Amino acid sequence: ERLLGKSLVGGQLYREFLPRSERGFALLDRTATDATEKFVSYSTMSDFPLLTVVSTATADVLEGWRRHALVIALAALAVSIVALLVARRLTEMVAVLSARTAELHHLATTDLMTGVSNRHSFLQDLYREFARSRRYRTPLSIMIFDLDFFKQINDGYGHAAGDEALRAFAAAAGECL
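All of these numbers come straight from a predicted model, not from anything done at the bench.

Cut-offs used in this document
- Residues numbered from 1 in each chain as written.
- Predicted model: local features only at pLDDT ≥ 70, side-chain atom pairs only at ≥ 80, totals over all residues.
- Heavy atoms only, no water.
- Salt bridge = Lys/Arg side-chain N within 4 Å of Asp/Glu carboxyl O.
- Helix = DSSP H or I, 4+ residues; strand = E, 2+ residues; numbered from the N terminus.
- Buried < 20%, exposed > 50% of the residue type's maximum accessible area, 1.4 Å probe, protein only.
- Expected span 1.5 Å × (residues − 1).
- Arc of directions from axis to C-beta.
- Contact = heavy atoms within 4.5 Å.

1. So, the pattern of salt bridges
Overall, the coordinates contain 7 salt bridges when judged by the stated rule. The partner of Glu-92 in a salt bridge is Arg-88, with the nearest N and O atoms 3.5 Å apart. Note that Glu-92 and Arg-88 are positioned in helix α2 (residues 58–109) at a spacing of 4 residues, about one turn of the helix. On the basis of relative accessibility, which here comes to 36%, the residue Glu-92 falls in the partly exposed class. Between Lys-151 and Asp-155 there is a salt bridge, with its nearest N and O atoms 2.9 Å apart. Of this pair, Lys-151 and Asp-155 both sit in helix α4 (residues 150–157), separated by 4 residues, roughly a single helical turn.

2. Digging into helix α3 (residues 119–136)
Residues lying three or four places apart along an α-helix face the same way, a consequence of the helix completing one turn every 3.6 residues. With 18 residues, α3 should cover 26 Å at 1.5 Å per step; its first-to-last C-alpha distance of 26 Å lies within 8% of that length. Among all positions of α3, only Ser-121, Leu-126 and Ser-133 are buried. All buried residues of α3 fall inside an arc of 135 degrees around its axis, so they share one side. Across α3 from its buried face, at more than 90 degrees, point the exposed residues His-120, Tyr-127, Arg-134 and Arg-135. Of the surrounding secondary structure, the elements contacted by the buried residues of α3 are α2. Immediately downstream of α3, the backbone of Arg-137 shows phi near 55 degrees, a positive value.

If you want it as structure tokens, here you go:
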């Protein structure tokens with residue numbers, strides 16, 4: 001009832017949208033009737049001097065959407081935070097696993113007393129080099145060291161002295177090769 005007799009001619013709908021199209025959908029900044037922002041669907045009737053307008057306040061339309069958008073944004077943020085925490089933990093676990101794998105490989109392939117390759121690792125390297133020599137048809141040289149009188153060192157000075165002699169030999173050979 002408060003709109004009866006109120007003219008819409010000076011409003012944004014008549015100034016901007018009706019001159020462009022006889023029907024459409026628009027967002028009006030300030031309606032002529034109550035000066036609020038509204039979504040408006042409009043259509044003129046060609047046979048009659050009649051304009052049909054359906055409108056609703058943008059706040060009413062967008063309120064539910066804003067609530068849903070906020071819930072979705074918060075859910076996405078929560079999922080992202082959880083994913084980042086999981087990724088960080090997985091990265092830490094992979095680093096620890098990598099370090100432990102390297103340590104296990106070192107323990108499995110190295111003689112702990114001398115620090116040189118153990119028998120199993122030496123044989124793997126030897127077979128690989130034999131295969132490479134055959135594949136590329138290149139000569140292969142092998143050096144074999146023999147510690148003369150090592151048994152006498154162990155028997156005469158004890159196993160600790162023999163171990164020290166082995167470590168000294170391995171270090172000297174490593175420096176030369």
